[in-house]
Each structure stands twice: as structure tokens, then as C-alpha cells.
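# Structural description and commentary
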Amino acid sequence: MHRFRTTVARLRPLAAAQTGPSQSQPSLPARALNAPARALNSPARPLNSPAAAEPFLSGSSSNYVEEMFSAWLQNPGNVHKSWDIFFRNANAGTPPGAAHQRPEGLAGAQALVGSQSAVEKLVEDHLAVQSLIRAYQVRGHHIAKLDPLGISCVDFDDAPCAVGFQNIGLYGLDESDLDQLFRLPTTTFIGGSEGSLPLREIIRRLEMAYCRHIGVEFMFINDVEQCQWIREKFETPGVMQFSPEEKRTLLARMIRSTRFEEFLQRKWSSEKRFGLEGCESLIPALKTIIDEASLSGVESVIMGMPHRGRLNVLANVIRKELEQIFCQFDSKLEAADEGSGDVKYHLGMFHKRMNRVSDREVSMSLMANPSHLEAVDPVVQGKTKAEQFYCGDTEGKRVMSILMHGDAAFAGQGIVYETFHLSDLPSYTTHGTVHVVVNNQIGFTTDPRMARSSPYPTDVARVVNAPIFHVNADDPEAVMYVCKVAAEWRTTFHKDVVVDLVSYRRNGHNEIDEPMFTQPLMYKQIKKQKGVLQKFAQKLIGEGVVTTRAYQEEVARYDEICEEAFARSKDEKILHIKHWLDSPWPGFFTLDGQPKTMICPSTGISEEELVHIGSVAASVPEDDFKIHGGLSRVLKGRVDMLSQRLCDWALAEYMAFGSLLKDGIHVRLSGQDVERGTFSHRHHVLHDQNVDKRICIPMNFISPDQAPYTVCNSSLSEYGVLGFELGFAMASPHALILWEAQFGDFHNTAQCIIDQFISSGQAKWVRQNGIVLLLPHGMEGMGPEHSSARPERFLQMCNDDPDVFPKLSQDLAVRQLFDCNWIVVNCSTPANFFHVLRRQILLPFRKPLIVFTPKSLLRHPEAKSSFDDMLPDTHFQRLIPDAGAAAAAPEKVKRVVFCSGKIYYELIRERRSRGLEEAVAVVRVEQLSPFPFDLVKAETDRYPTADLVWCQEEHKNQGYHDYVKPRLRTATRHTRPVRYAGRDPAAAPATGNKATHLSELQRLLHTALQLPLSEEDE
């Protein structure tokens, strides 16, 4: 409607505007042109009204008329002579229905004739051509020849693509129109420098652009500039042309990709290697993307990929030494590194090399990853974001990521969706990722029609308006061009883009698998399929780009390189996993990868620093910043604590973060609602109550030369966000990276990251990581959810031996940390929480830290720490002994209750009410793993006649009991039994009934503190 009225306004005669018609009798053109606009709001009108004479000005026709009029205003020569006459007559006051004149020999006559039907036919035909062009742009990929096997599983039967010569009748055109000249709209580039083309040529060029070996999905993108950019890249005549030198380079890359797999097959025919046969064009695809990125200024590329083709990528993209790859097949090779190691097709690699196309150095990192498909996606994005952050690359111009996927996993794994949804979030964006799908058109043995509900495996990318370029992988030139465009898209718009390499898998899922069991027809076709290298070489030989002899010499040259590397690989006797490290930390370790010391300095800081950071935490550093009244009370409470030299949980965290920032250590805290904190205790981001979106982060006002503090609410994702933060922590050891679960039990939706990367990452890949997980935990009567962070799961994955008492030494505490796979703590005081966070950075190595954080203790009046516990020469306490009456007279103690976390406060309250301060000692195990055997032994030796109890608020089959009991027994040399006080075994973590919760609590407290009757009492 708006467009129609705009057209009407533009067509009004200038003369009418100058002379001003009488109000009672408007000029004929004004009446005629205004009538259709009025009629649109009228239920009925006489057919003989003025508007009936020009129906082509209503509805969608107005789009075309407006376009033609705009062109005519710029230059009358831009339009057909008939339109020129029409606009001149209409501008002179002639009604639009009579303004058309039939030109004499395309020029001449000025007499008005009744040619309304000719005008209508002309407009309708041009509109039909516009619709046809749009149909190709929207659905041309439906009929593109994408499948090398010609048996495409993509089903569009419900939405047939009505394009081609045979379907022009659907648009109101017929064969007589094929040679008619049509003006091209501005939404296509098929004309090149020509403004008009015959319909036959229009269809031919659209077929060339959209229906050959490239299928383009982009018309769902809601940005006009981006759509036009893509149209220009694929529609402009002659765009996909390569120089002879480019073709020879492409051939050389295809030779390396293909002959590498053939060499492995000859040497180790029965070994699993998950080869690339059937999609060898992946290697030139990746190299083209990296070439184009390097030309645009990218200095570092971080890649993630599944197992298929990984060895080929390592050899021919990352350029890992071939002998290092070949020796992985030697079963007699001894491992030089501690830990389990991993299979060859899971390993990663970091390498810096000169790019021959750009003549610039490029760092390339292929991330190690488990068999869990797509799990590495957010990890790659996190590491990419970190590298961008550390080098000040705020637009993603220097660091980028490439993610490779399998077709079944890309469609089936939810982490793909979670990762896409991080792509444009301010604290998570990597400013565009190039996704390359190796589309084998099959899962392990599962057909696509059973594996996804969408036509393409790539449809998930539509959610972020990422263009999708499907390409027949048996056409290396088409692959090369599409990858070039994808890299340019990323450089231009800094948005995600997907390249779908439609290919096949020549072997089974692995080289010793039989695919004919489940896909007999597909594999009969594959066996007939000529290799892509052979077809491409024949094509270039036929074009005269290379000679047969030159091609054969290039093949022989690479075969010789492989044979020489194979001979050298036999000299390798030891397997060094650290040579496959994907994230090196230069200068942090010694040259042989060991810590520079085994000493951890004091984690305390000066009182002056504590007061300064506390003052910042209690202030609003911005001027004229109105905070919420409730927050004013929180800040006042912090001021009061400072005056008393005390800190609660939130203030201790503030002091830990602030002191590290002051020392130049970047701190990043991420998770759901972490800015305020789930329990409204943190308030690290203040919001102006009067100015929308104005915020203040006081933590960034601690010191002029401090490191930046990043605190960011994440999307409502655990799997994706925890993976992202893990990747961020890989980039540098000089940063404290924390992920907080909204409630501790929410971590189980990120279990894959915890199990496959955090728990076992160092053992498999010799890759240390200092990420911190903050998991709110505690039985508060809130029901089965939101109660337990499942500590039993983390403890069950700890690698320390419950039956071995460690050898005592001065550096035992640090040595234990170095030997463990991760650290698990449940702090009962703010000071200890402060120390354990600072210890993460002051340790000479990095280990993941799992912290079970409190909920009710955040505001518990007794859960406060004195500054004295945080001053220089203070440390994290692995175990906090009883410091009351029981410790003063240990010979009177009848029971020692070991516990961890919140239950301590309930135990001492109950002990106080029963008057058992002298008879019962309560000892807190703050660091559960590595277990403090030495300190536990010291406590049990202090109370030699007391019986021992482990008390926990969790159920017996949950919590810490199964982990702690055998270690307590080992600490006492199995000389004293350890009794249990806690909830009975249960399937759910907690009861949903408040009364039941309280009765269970009272019962376990009674069990923990009920002493045996003495002879006097009897």
C-alpha cells in the first residue's frame, strides 16, 4: 500500500502542482491516480470508475511500475521507449489508462491510442520474469546437481521447484516470450553490464548460477545488503573462473589429499583411521578458506573437527610431520608422557607456518577432542574468543575459527544449536565462524531420512541467518569458489556461514566396517564412482592446463615424500603426546613441560588492599548514577562489615577477584544470571534506575593499571557455555576463568564437557586447564531439584588412590595437587573461598577446580571471616580442626565428627544446644580431593580414644560418604571404624516435603551427636 501510494505521488503531473486545480473538480490524472488508493479501503465500486481503467497500478504491479518510474527519473533512456512515452504523457496530465502510445518502429508517434491491454501485458510479463528470477534465488538449490552419486536423499516432493523452460507457463509466460527482451530488476546480477536480456538467456544464466554444482540458500536472510552481496557473488557472469596457476595449485592439493589416504590404505589396510575417501576436496576447501582469511589479515585460525579426515587435515593443512603421524600406527611405540593418551584420530596440534598465498605467518590450532561428536564446537569458540580478547581483536579481524562437522551430527546434536546461539552475543561472539560440513549423506549406518526431519542437515544454521552454500564435492573448482566466497562473507559481515560439501563415504564408518549390510544400493553406486582426483586431472589435461607427464610427476613426488617419512617413522621409539599439544603456554613451564617450582606462595594479601577492594565493592564509582534502594542497603552492609574487619561470601569473592585483577590477572565470570547472582548476593553489575541500559561495574575501578574484569550473563545453556569457558581457559594460564551454574544440579546438562574434557583432558591430551566451576549445593528443603550438585559424581572421577597413604614431605600439599586430575572443595568459610580462588593462579601449574558453593551460608550470621584469616602468610586450609573446648582438652573428647560444608553450622548449633562442646570435636574437610590424608591422620591421632563419625546432609549413596570413608580408614591404618551419620540411601537427591526434610535433618544430627551411655548413666 505504501509503495503504491508512493508511485501515485510520483506520477502526478508537475503542471498540476504548479497551477493548482480547483477543489471541486480535481484534474483528471489526479482523480485517476488517487482512485485505486481509495478503492482499496472500499468494499465495492462501479466498474466504470476511473480506477477501473488502470488496474495494473494496484497490488503487486505497483512495485514494478515504481521501479520503472525510478529508472526513468534517473535517465529516460534507462527504460523501453513505450515506458518513456507513458511517463511523459502521465506527467503531462493524461490518465494512466490512456497514457500509453504504441511507438512507431520503437520511436515516433505521439498520438494516443487505446493500448491498455498491451501495457497490462507488458507489466504482467515483467512481473512474471521477476517472479521467475526470485524462484531461482529461493529454490534453485532444490534442483542443483549436488550429489556426486546422483541418488540425493534430499526430498522436496512437498515443495516442487517450478523453474526451467518447461515451467514458464506457471508464471503466465509461454514459448513465444523466450526470445522477448525483458528489463532486469535491481535484485539480480545475471545481466552483468546489460540491463535487459531475452527470457531464454535469463533462464540459462539463472540455471548456471543456481542449478549446477552449487546450491545457495540465502533468501531467508532479512538483511537486503547481505542478500545483494550473495546474489552478486553467484549471479555475475564469469565469476567462477580460475587462472591456470590457480587450477594447478588446486590439483596439487587434491593430489596430496588423495594420495595421503591411499598411502595409509596401502600400509595399514586393517587399521582404523577414518579416512577422507569420497570427500578429498575437504583439504583444498580448508586451505582456500585459510588463504583468503590470511589475505584479509587473519593471523590465527582455531579449528575443530570430528575424527573423519583428521589425519589428512593434520598432514596437509596443519602440516604435522608425516613421520609423527605414521609412527602412531606402530603398536610397539612406548608412551613417554603420563596419563592415558588418546587414539591418533582424536589428537590435536598447534603449528605456525608461512602461508604461500598471502606471504604471511599464520598460526593454526586443531583442537583435540573426544568421540562425542560436536562437543568440541563451543570449546573452539571459547578459545577463539580468548585469543581475540588477549590480542585486542575486537572485530575478529586477526583471529577466526573454522568448525568441521559431519552431516548426521550437525543435524542431530543439540550442542550445534547452542553454539550457534552464542554467535552474536556480546561476550561470546567470535565475529563469524566458517562451518564446513563433510556431508557423506549417511550416519554410521543410518540413512538421512531416519536421521533428521529437515531436508538438509544444515537447516539448523538458518536460526542465525547464516547463508548456506551447498556444493558438489566432486567439483573441486566449485568447492574452491564456494570456500572463497565463504571466507569473504566472514571478512565482510563477520557472521557465520556454512559450506555443505555434498560427498560420499567410500568405505564404511571405518576401514574395517562393511557398509553393504545396510546401504547396498548406495555402495554399489560408490564402487562404480570414479575418484575425484582422476576426474579433475583428466579435465585439466583436456583443457591444456597441465600435461599428463607433469601430473604423474607431481603424484610420484608426493608418494616419495610419504615413503621417506615412513622410513623415518621407524626410528621413532617413544610416543610424545606433548608433541601434539593444541594449546601451548610459552614460558609458563620449563622446556620439558614441567612446573618451574613445586611451591605455592601465601595466598593472603595486606589489610590495606583488603580495605581498598572492599571500599570499591561498597561504592558506586560512576557519577550521577542512581542505584536501587535495596542495593543501597547491600552496599551499606558491606561498609559495616569493613568497619568490623569482616567479610561475607560475596565480599570474599570480591576481594579474591579484585586482588588478582590488581596484579594483572584477567578474571572472567560467566553463567546464567551471574552478574547479580542467582541468590541476589553478588551485584557485580549495577544498573542505573533512571537511564536505560546504563551500567557500572565497580570491579573495573580497582586500579588504573588493573586487568579487565569480564562478568557476563550467559544464554540459558550449560553444555554450550561451559564448553565455551573451558576453551577460553585454554588460551592462557594467566587468567581466572569461572563458570557458575544457576543451581549445582544444572551442571548435568553439561556432563559431556565435564567427563570428556575437564576430568580427563590432561590425561588424554597433556593439556592443563585451570577452569573453575562454582556449583551451588546444599539441602535447604527446596525439593529434589536445586539441592544437590552431585558431589559423588565428581569425587568418583578423582584419580587418587583411596588405599594409599601418601609419602609425607614438605611439599605434600602441592605435590598432591600436581598429581590429581582436578581439585574438589567445599568451603565452609568466606576466607577459605578467598584463598582457594587465589591459589588457582598462584600455583605453578593449572588444574580444574570444582567448588560446591553455599546458598543459605551466603547470609548466615556465623559464616563470616575476619581479615586476620586473609592477611599475608595465610593459606587455604585443606582441613579446619576444631578450635573450641574439645581441642583444649582432647583427652575428654569421646567423638570426632568429620564433615564438609554447610552441615558444620548445623552440627555446632546442635552440639551447643546439647552442651557437648567438650565431648564432641567437629572437624571440617574443606578439600575433599586430593584428600588431606596427613591432616586427617593428625586429627585422629589427637583424639586417640574418640570414636570417628562421618556426617553429611546428603543421602548415604550420594554426597561424600563413599569417597571419604575408605580414605578415613586408610588415614587411621584401618585401626578404628568410621560410623555414618546422614540420610538413608535414596533415588532422589532430596525430599520435596519440608516437614520430612526437617525430620531427616534432626535424625542425622541426633545420630552424629548421640554418645554411647556411660556406666554411670546406666
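The shown structure was predicted, so the numbers you read here are calculated from the model rather than taken from an experiment.

What counts and what doesn't
- Residues numbered from 1 in each chain as written.
- Predicted model: local features only at pLDDT ≥ 70, side-chain atom pairs only at ≥ 80, totals over all residues.
- Heavy atoms only, no water.
- Helix = DSSP H or I, 4+ residues; strand = E, 2+ residues; numbered from the N terminus.
- Buried < 20%, exposed > 50% of the residue type's maximum accessible area, 1.4 Å probe, protein only.
- Contact = heavy atoms within 4.5 Å.
- Areas by Shrake-Rupley, 256 points an atom, 1.4 Å probe, with all protein chains shown as cover.
- 1 Å grid on protein atoms, 1.4 Å probe; cavity = no way out; pocket = protein on both sides within 12 Å on 5 of 7 lines; lining within 4 Å.
- Points joined across faces, edges and corners; volume = space filled by probe spheres on them.
- Nonpolar A, V, L, I, M, F, W, Y, C, P; charged D, E, K, R; others polar.
- pLDDT = per-residue confidence, 0-100.
- Axes fitted to C-alpha atoms, helices over the stretch in contact; angles between N-to-C directions.
- Parallel < 35°, antiparallel > 145°, perpendicular 65-115°, else oblique.
- Left-handed = near helix turned anticlockwise from the far one by under 90°.
- Phe/Tyr/Trp six-rings, centres within 6.5 Å; stacked < 30°, edge-to-face > 60°.
- Lys NZ or Arg CZ within 6 Å of the ring centre and 35° of its normal.
- Expected span 1.5 Å × (residues − 1).
- Arc of directions from axis to C-beta.
- Core = buried A, V, L, I, M, F, W, Y, C linked by side-chain atoms within 4.5 Å.
- Pairing = 2+ DSSP bridges.
- Right-handed = clockwise from strand over helix to strand, strands pointing away.
- Polar contact = N/O pair within 3.5 Å; in protein donor to acceptor, adjacent residues only side chain to side chain.
- Salt bridge = Lys/Arg side-chain N within 4 Å of Asp/Glu carboxyl O.

This next bit is on the overall build of the protein. When helices and strands are counted, the protein shows 34 helices and 28 strands. In the protein, which comprises 1018 residues, the share counted as buried stands at 58%. Taking contacts inside the protein between residues at least 6 apart in sequence as the whole, the part at least 24 apart equals 79%. Counting only carbon and sulfur atoms, one obtains 51% of the accessible surface of the protein, whose full area is about 42100 Å².

For the rest of this paragraph, the subject is the layout of surface pockets. The space that makes up the second largest pocket amounts to roughly 710 Å³. Met208, Arg212, His213, Met240 and Asp475 are the residues nearest the centre of the second largest pocket, which is lined by 28 residues in total. Residue assignment for the lining of the second largest pocket shows that the elements contributing at least two residues are helix 7 (199-210), helix 8 (224-235), helix 17 (476-493) and helix 19 (532-543). Considering only residue class, the lining of the second largest pocket consists of 12 nonpolar, six polar and 10 charged.

Mean pLDDT for the protein: 87, with 87% of residues reaching 70 or above. Every residue in residues 105-114 scores below 50 in pLDDT, and together they form 18 contacts with partners more than four places removed in sequence or on other chains. Here residues 1013-1018 is modelled with pLDDT under 50, and outside its nearest four sequence neighbours on either side it reaches one contact, counting other chains as well.

Moving on, we get to the packing of helix 9 (residues 244-267) against helix 20 (residues 548-569). Where helix 9 contacts helix 20, the axes come no closer than 10 Å and their chain directions differ by 45 degrees. It follows from the interaxial angle that helix 9 and helix 20 lie oblique. The two elements helix 9 and helix 20 meet at a crossing, and its hand is right-handed. Residues Leu251, Ala252, Ile255, Arg256, Arg259, Phe260, Phe263, Arg266 and Lys267 of helix 9 form the contact with helix 20, whose own contacting residues are Tyr551, Glu554, Val555, Tyr558, Asp559, Ile561, Cys562, Glu563 and Phe566. Within the contact of helix 9 with helix 20, the residues separate by chemical class into 11 nonpolar, no polar and seven charged.

Now for the packing of aromatic side chains. When we look at a pair of aromatic rings, we describe it by the centre distance and by the angle of the planes. Counted according to the given criterion, the structure contains 35 aromatic pairs. Geometrically, the ring pair formed by Phe260 and Phe326 is stacked, given 6.4 Å between the ring centres and 20 degrees between the ring planes. Separated by 66 residues along the polypeptide, Phe260 in helix 9 and Phe326 in helix 12 (residues 322-326) bring together distant segments of the chain. In this structure, Phe260 and Phe326 share a single accessibility class: buried. Ring centres 6.2 Å apart and planes at 15 degrees place the aromatic pair Trp585 and Phe589 in the stacked group. Across this residue pair, the class does not change: Trp585 and Phe589 are buried. Between Arg668 and the ring centre of Tyr428, over which it is positioned, the NZ or CZ distance is 5.2 Å. When the ring centre of Phe805 is taken as reference, the NZ or CZ atom of Arg973 above it lies at 4.5 Å.

Attention shifts here to helix 22 (residues 629-643). For helix 22, built from 15 residues, the straight-helix expectation of 21 Å at 1.5 Å per residue is met to within 8% by its first-to-last C-alpha distance of 22 Å. When helix 22 is considered as a whole, its buried residues turn out to be Gly630, Leu631, Leu635, Arg638, Met641 and Leu642. Down the axis of helix 22, the buried set is contained in an arc of 145 degrees. They therefore lie on one face. Facing away from the buried side of helix 22 by over 90 degrees, the exposed positions are Arg633, Lys636 and Ser643.

Attention shifts here to the nonpolar core. If you look at the biggest cluster of nonpolar residues, it comprises 169 residues, and the most contacted ones within it are Leu282, Met303, Phe326, Leu501 and Leu773. If you tally residues by element for this core, the top one is helix 17, at 11 residues. What Phe326 contacts, discounting residues up to four positions off in sequence, is Phe260, Phe263, Leu264, Trp268, Cys562, Ala565, Phe566 and Ser569. Counting 59 residues, the second largest nonpolar core, distinct from the first, contains Trp585, Ala656, Leu738 and Phe867.

As a further point, take unusual backbone geometry. Between Ser929 and Pro930 the backbone carries a cis peptide bond, its omega angle lying at 0 degrees. Notably, Arg319 is not glycine yet its phi reads approximately 70 degrees, a positive angle. The topology assignment puts Arg319 in the loop between helix 11 (310-316) and helix 12. Taking relative accessible area as the criterion, Arg319 reaches 26% and is therefore assigned partly exposed. Its identity is not glycine, yet His683 carries a phi of approximately 55 degrees, on the positive side.

Okay, the sheet that holds strand 8 (residues 399-406) next. Reading across the sheet, the eight strands line up as 3-10-11-9-8-4-7-6 and stay open at both edges, with mixed pairing between neighbours. If you trace the sheet from one side to the other, it starts and ends with strand 3 (214-217) and strand 6 (349-355), each paired once. Going from strand to strand, the sheet's axes swing by 20 degrees on average, the running direction of each strand aside. Looking at chain direction, strand 8 and strand 9 (residues 433-439) are connected through six bridges and run parallel. Opposite Met404, over in strand 9, you have Val436 as the bridge partner.

Below, the discussion takes up the pairing of strand 21 (residues 849-853). Along strand 21, five of the five residues are buried, which leaves the element largely enclosed by surrounding structure. When strand 19 (residues 772-776) meets strand 21, the two strands line up parallel, connected through five bridges. Following the sheet pairing, Leu775 is matched in strand 21 by Phe852. Across three bridges, the pairing between strand 20 (residues 823-825) and strand 21 is parallel. Its bridge partner lying in strand 21, Ile823 is registered against Leu849.

Moving on to the pairing of strand 25 (residues 920-925). Of all six residues in strand 25, six are buried, a share of seventy percent or more. By the alternation rule, side chains of strand 25 split into Val920, Val922 and Arg924 and Ala921, Val923 and Val925, which are all buried. Bridge count for strand 24 (residues 895-899) against strand 25 is five bridges, and the pairing is parallel. Bridge pairing links Val897 to Val922 in strand 25. For the crossover that starts at strand 24, traverses helix 31 (residues 903-914) and ends in the parallel strand 25, the hand is right-handed.

Each pair of packed helices can be summarised by the angle the axes make with each other and by the distance between the axes. Taken N-terminus to C-terminus, the directions of helix 10 (residues 282-295) and helix 17 make an angle of 35 degrees; their axes are 8 Å apart at the nearest point. Here helix 10 and helix 17 pass one another in a crossing that is right-handed. Packed against helix 10, whose contacting residues are Ala285, Thr288, Ile289 and Glu292, the element helix 17 presents Val479, Met480, Cys483, Lys484, Ala487 and Glu488 at the interface.

This brings us to the environment of Arg924. Within the secondary structure layout, Arg924 lies in strand 25. For the pair formed by Arg924 and Gln877, sequence separation is 47 residues and the distance between their alpha carbons is 9.7 Å. Apart from the residues lying within four places of it in its own chain, the contact partners of Arg924 are Ser828, Thr829, Arg878, Leu879, Ile880, Cys899 and Tyr904. For Arg924, the side chain forms a polar contact with the side chain of Ser828, separated by 3.1 Å.

Once that is clear, we can look at the pattern of salt bridges. Here the structure, examined in full by the defined rule, presents 47 salt bridges. With a closest N to O distance of 3.0 Å, Lys397 and Glu395 form a salt bridge. Asp941 is the salt-bridge partner of Lys937, the closest N and O atoms lying 2.8 Å from each other. Here Lys937 pairs with Asp941, and both are found in helix 32 (residues 933-942), just four residues apart, close to one helical turn. When salt bridges with common partners are traced through the structure, they connect Glu194, Glu201, Arg204 and Arg205 into a single cluster.

Spatially, seven strands are ordered 17-14-18-19-21-20-26 in an open sheet, and the strand pairing comes out mixed. Looking at which strands have only one partner, the edges of the open sheet turn out to be strand 17 (709-713) and strand 26 (927-929). Neighbour-to-neighbour, the strand axes of this sheet turn through a mean angle of 20 degrees, independent of strand direction. Relative to strand 18 (residues 735-740), strand 14 (residues 666-671) runs parallel, the two sharing six bridges. Looking at the pairing, Gly671 lines up with Glu740 of strand 18. Sheet strands touched by helix 29 (residues 830-842): strand 18, strand 19, strand 20, strand 21 and strand 26. Its angle to strand 18, the strand with the most contacts, is close to 130 degrees.

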